Structure formats: structure tokens, C-alpha cells
Amino acid sequence: MPDPPIIPIRAAVLRTPGRPLKIERLEMEGPRDDEVLVRLVASGICHTDIDFCEGGASGPVVLGHEGSGVVERIGKAVKGIKPGDHVVLSYQSCGRCRPCRRGHPAGCQRFWEANFGFARLDGTNVLRGGVRGHFFGQSSFATHALATMRNLVKVPKSLPLELLAPLGCGLQTGAGTVMNSLAVRAGAGIAVFGAGSVGLAAVMAARIVKAKTIIAVDINPRRLKLACELGATHSINNRRSDLAASIKAITGGGVDYIVESTADHDMEQFAAELLNPGGKAALLSGASAPGGGLPGGRQVLSVIQGDAVPQKFIPKLIKLYLDGRFPFDRLVKFYDFTKINRAIADSKRGTTIKPVLLISH
Ligand SMILES: [Zn+2]
Ligand SMILES: [Zn+2]
């Protein structure tokens, strides 16, 4: 078999944890039979990217997992997409294990390898020169990425691709947790811990499913104000006031649902304590839910990607956006690709909720 053609790309490479990313020229293989070459137009920056920037991986890597772009070339076996189509990239899954075959890719038994393994599932790598890609099956901090039909979603050409980028992870996770994982009932009370992009997506989704009481909890007054504009009925600044007492003052007891998006250990503990009997809390940090039953039929779940099937859920979010019910454009701030380190710093400081890099136009 001849070697696949080599494509020159530019990518933001993490070489040393804690140090700025550097945009470098790299070489990438062309698509294999089941792969799709995408020219990236934009990429969101998500907290998981920032965690890796600080914690690092073994050896140089390309991060980024909220890509959007235009299909440039497809492998011989790819069906259902063609060059020129607009796509949003999401998380990767194996397609072969039991949860994948049953239509639940977020439960993929190889989820960790497929998304954080920095390689294809057969261990090979698309990038040359010792830099590794395939982060979430994409590595979208680059001019080009190789994806598969499992993590690519075709989107209408009438919408700006750069705006759609963050649907692939953060927004899907927040909204999917409310609509799929917790299946929040109309009339219920919900608290959302953390008013970043994931938490605000959860707030918007809670309004869509007609939750009655929607309480946003954060330490940043600006974010709390935005949460109220997007659908929260109450907000609590938990730096200034006691969380449990404030929730009790609002609801007269606890809440029926909690979305915990801060990844703060104390907040994760609180999640179980503030639930009404029969209530459900979702932890989004990847922390394992406490084993064993909680009193009163309360449940704490560890949720991945809002249990969303991207090819179904992202079009649904786009429709809600077009109907004016999921105004996620209010969370987004655009940065030129070369300003990636500035965008990361603004996200860490909390001045930008969802940075989106403009990679090509
Ligand atoms: Zn699988
Ligand atoms: Zn993410």
C-alpha cells in the first residue's frame, strides 16, 4: 500500500506543561479509508484543553476538541459526507463495543483511549515529527484535522461555522446533562453549580424543559447576571453567602436536580446533600460518583458529554438556537488563532466564558 499523501499544516503545539502553546509547521498524513480531512475554520477552547495545558501529556501534543470546518477530502470507505460540506467535530468513540452498538457512544468502553490517548485506536498517529494528535479524535488547534463519521456532524451551510464550534463539547455537555442524563422534569427545581459555558448551557436547557426554579451558583457576579438573563430564576454568589441556607431560603428545602460543573471537591460533596428525596445530581468533572445508595432514593451520577449522540443532539441545539431558545452566541468571544495563549488566559481569569479561535476564513 502506498504511503498516504503528506499534508503541511500549522498547529498549536504543547511541548512543556504550563508554558505557552506555540504555533508550528507540522506534517500530517492524508485520510485513511475511514477518515475525513477537515480544514478547520474555528475551534472552541474548553476547560479540558486548559487542564492538559497545565498538567501536560507525555511528550508534545496538539490539543483542541471543539473544531468546526469544511470537509476537504474523504477516505474511500466514507459515505454520507462530501468535500465542501460544513461540519462540527465532537468526541470520538470506538463504534464496536456494546454501548456504541446500542447507540450510546458517550458510554464507549474505549472512551478514554479514543479521546485522551493521543493516537488512533490502533496506536498509530497522523502527525509526523514526534508530535501526537487525535485529541478527542480531532486535535482542532490546527489548520487541519482528521476525523471520522463517528465524531463529525454535518451542519447547514447557512450558519456561520465559527459560531457552531463550541457545540461539539461544552454546550453539548451542559445541555445534554439536563435534557438526557438527568431528564429534568417540567416544574422541577434545579441548581447549576458553576456559570461557565457548560453551566450556562445547562441553565438554558433547564429553561427549555420548563424547570420552575433554576438556581445559578458561582462566585463571579457578571456570570450570575448573565445566567439570570439566560433563564436562571435565582442566583447565589457562594463566596458571599452560605449555599445550603440560600437554597433553603429559595425552595424551602433542597432541589430536585443539580448540575455540578465546577470540579471543586467541596461542591461535589454538597451536590448530594442539597438534593430533595428522589433527586439526582450530575457530576461533570469525570469524578466517580459515590458508590452505594444514598438515603431517600437520591442519586449522584458521573456524566460524560451529556449522554449525547452528537449527530442527533447538535442539530437539535442548532434548531433551538435558530428558534431563539438556546442563545449560546452570548457566551462566545472570538480570537485570532495566533492569540491562542491570550484566549486561554482570559478563560482562566473568567473574563471570557467561551473563547473561540478563528483559524481560517
Ligand atoms: Zn465504543
Ligand atoms: Zn470539552
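Thresholds, definitions, all that
Residues numbered from 1 in each chain as written. Chains lettered and ligands numbered in written order. Predicted model: local features only at pLDDT ≥ 70, side-chain atom pairs only at ≥ 80, totals over all residues. Heavy atoms only, no water. Helix = DSSP H or I, 4+ residues; strand = E, 2+ residues; numbered from the N terminus. Rg over C-alpha atoms; globule rule 2.2 N^0.38 Å. Buried < 20%, exposed > 50% of the residue type's maximum accessible area, 1.4 Å probe, protein only. Contact = heavy atoms within 4.5 Å. Areas by Shrake-Rupley, 256 points an atom, 1.4 Å probe, with all protein chains shown as cover. Lys, Arg positive; Asp, Glu negative; His and termini not counted. Charge placed at Lys NZ, Arg CZ, Asp CG, Glu CD. Axes fitted to C-alpha atoms, helices over the stretch in contact; angles between N-to-C directions. Parallel < 35°, antiparallel > 145°, perpendicular 65-115°, else oblique. Nonpolar A, V, L, I, M, F, W, Y, C, P; charged D, E, K, R; others polar. Pairing = 2+ DSSP bridges. Donors = N, O, S within 2.8 Å, 3.2 Å for Na, K, Ca; no water. Left-handed = near helix turned anticlockwise from the far one by under 90°. Arc of directions from axis to C-beta. 1 Å grid on protein atoms, 1.4 Å probe; cavity = no way out; pocket = protein on both sides within 12 Å on 5 of 7 lines; lining within 4 Å. Points joined across faces, edges and corners; volume = space filled by probe spheres on them. Salt bridge = Lys/Arg side-chain N within 4 Å of Asp/Glu carboxyl O. Polar contact = N/O pair within 3.5 Å; in protein donor to acceptor, adjacent residues only side chain to side chain. Phe/Tyr/Trp six-rings, centres within 6.5 Å; stacked < 30°, edge-to-face > 60°.

Draft legend 1. Up close: the overall build of the chain. A count of helices and strands for the chain gives 11 helices and 16 strands. A compact globule built from 361 residues would reach a C-alpha radius of gyration of about 21 Å, and the chain, at 20 Å, matches this within 12%. Summarising its shape, the C-alpha atoms of the chain cover approximately 70 × 40 × 40 Å along the three principal directions. The buried share among the 361 residues of the chain stands at 57%. Taking the intrachain contacts of the chain between residues at least 6 apart in sequence as the baseline, contacts between residues at least 24 apart amount to 65%. Accessible area of the chain: about 15200 Å², with a carbon and sulfur share of 51%. Treating the 45 positive side-chain charges of the chain as one cloud and the 30 negative ones as another, the clouds have centres 4 Å apart.

Draft legend 2. View of the packing of helix α5 (residues 170-181) against helix α10 (residues 310-322). Orientation of α5 relative to α10, taken along the N-to-C sense of each, is 95 degrees, at an axis distance of 11 Å. Compared by their axis directions, α5 and α10 come out roughly perpendicular. On the side of α5, the interface is formed by Leu171, Gln172, Ala175, Gly176, Met179 and Asn180, while α10 contributes Pro310, Phe313, Ile314, Lys316, Leu317 and Leu320. Class assignment for the residues of the contact of α5 with α10 results in 8 nonpolar, 3 polar and 1 charged.

Draft legend 3. Expanded view of the sheet that holds strand β1 (residues 6-14). Spatial strand order, β2-β1-β4: 3 strands in an open sheet with antiparallel pairing. The two strands at the open ends of the sheet, each matched to only one other strand, are β2 (22-29) and β4 (61-62).

Draft legend 4. Up close: the coordination of the zinc ion (ligand 1). In the first shell of the zinc ion (ligand 1), the protein supplies Cys94 (SG), Cys97 (SG), Cys100 (SG) and Cys108 (SG), at 2.3 to 2.4 Å from the metal. Counting the intervening residues between successive donors of the zinc ion (ligand 1) yields the motif C-x2-C-x2-C-x7-C. Neither residue differs from the other here; Cys94 and Cys97 are each classed as buried.

Draft legend 5. Layout of the coordination of the zinc ion (ligand 2). Looking at the metal site, the zinc ion (ligand 2) is ligated by Cys46 (SG), His65 (NE2) and Cys169 (SG), spaced 2.0 to 2.2 Å from it. Every donor residue of the zinc ion (ligand 2) comes from the same chain, spaced as C-x18-H-x103-C. In this pair, Cys46 is assigned in the loop between β3 (35-44) and α1 (47-55) and Cys169 in the loop between α4 (161-164) and α5, connecting sequence segments 123 residues apart. Across the pair, Cys169 and Cys46 agree in class, each one buried.

Draft legend 6. Summary view of the packing of α5 against helix α6 (residues 197-208). At a minimum axis distance of 7 Å, the contact between α5 and α6 shows a crossing angle of 40 degrees. Judged by the angle between their axes, α5 and α6 are oblique. Of the two possible hands of crossing, α5 and α6 adopt the one that is right-handed. Contact residues: α5 offers Gly170, Leu171, Thr173, Gly174, Ala175, Val178 and Met179, while α6 offers Ser197, Val198, Ala201, Ala202, Ala205, Ala206 and Ile208.

Draft legend 7. Up close: the side chain of Glu260. Structurally, the position occupied by Glu260 is in strand β12 (residues 255-260). Each residue touching Glu260, except ones within four places of it in the same chain, is listed here: Phe193, Met267, Glu268, Ala282, Leu283 and Leu284.

Draft legend 8. Geometry of helix α9 (residues 265-273). Among the residues of α9, those classed as buried are Met267, Glu268 and Ala271. With its buried residues spanning 105 degrees around the axis, α9 presents them on a single face. Every exposed residue of α9 that faces more than 90 degrees away from the buried side is listed here: His265, Asp266 and Glu273. Where the residues of α9 are buried, they touch β9 (189-193), β10 (213-218), α8 (243-251), β12 and β13 (275-283).

Draft legend 9. Inspection of empty space enclosed by the protein at higher detail. Inspection of the entire model under this criterion finds 1 cavity of 30 Å³ or more. One number sums up the size of the largest cavity: a volume of about 70 Å³. Taken together, 13 residues form the lining of the largest cavity, with Met28, Val126, Leu127, Gln138 and Ser139 sitting closest to its centre. When residues of the lining of the largest cavity are assigned to their parent elements, the largest contribution, 3 residues, is made by strand β7 (residues 144-148).

Draft legend 10. Inspection of the side chain of Arg223 at higher detail. Summarising the element assignment, Arg223 is placed in helix α7 (residues 221-230). Buried charge Arg223 goes without a salt bridge, the closest partner of opposite sign being Asp218 at 4.8 Å. Reaching out from Arg223, the side chain makes a polar contact with the backbone oxygen of Gly350 at a distance of 3.4 Å. For Arg223, the residues in contact, after removing those within four places along its chain, are Ala195, Gly196, Leu200, Asp218, Ser347, Gly350, Thr352 and Ile353.

Draft legend 11. Molecular detail of the packing of aromatic side chains. In this structure the tally under the stated criterion is 11 aromatic pairs. Ring geometry for Tyr91 against Phe111: centres 5.6 Å apart, planes inclined by 45 degrees, an arrangement best described as tilted. Of this pair, Tyr91 sits in the loop between β6 (86-89) and α2 (98-101) while Phe111 is found in helix α3 (residues 111-116), placing the two residues 20 residues apart along the sequence. Grouping residues by exposure puts Tyr91 and Phe111 together as buried.

Draft legend 12. Spotlight on the sheet that holds β10. Read from one edge to the other, the open sheet built from 6 strands follows the order β11-β10-β9-β12-β13-β14, with strand pairing classed as parallel. Here the strands that pair on one side only, and so sit at the sheet edges, are β11 (234-237) and β14 (299-302). Taking the axes of each pair of neighbouring strands and ignoring which way they run, one obtains an average angle of 15 degrees across the sheet. With 4 bridges connecting them, β10 and β11 associate as parallel partners. Bridge assignment links Val217 to a residue of β11, and that residue is Ile236. In this fold α7 packs onto β10 and β11, with an angle of close to 170 degrees to the strand it touches most, β11. Across the sheet, α9 touches β9, β10, β12, β13 and β14, and the angle it forms with β13 is around 150 degrees.

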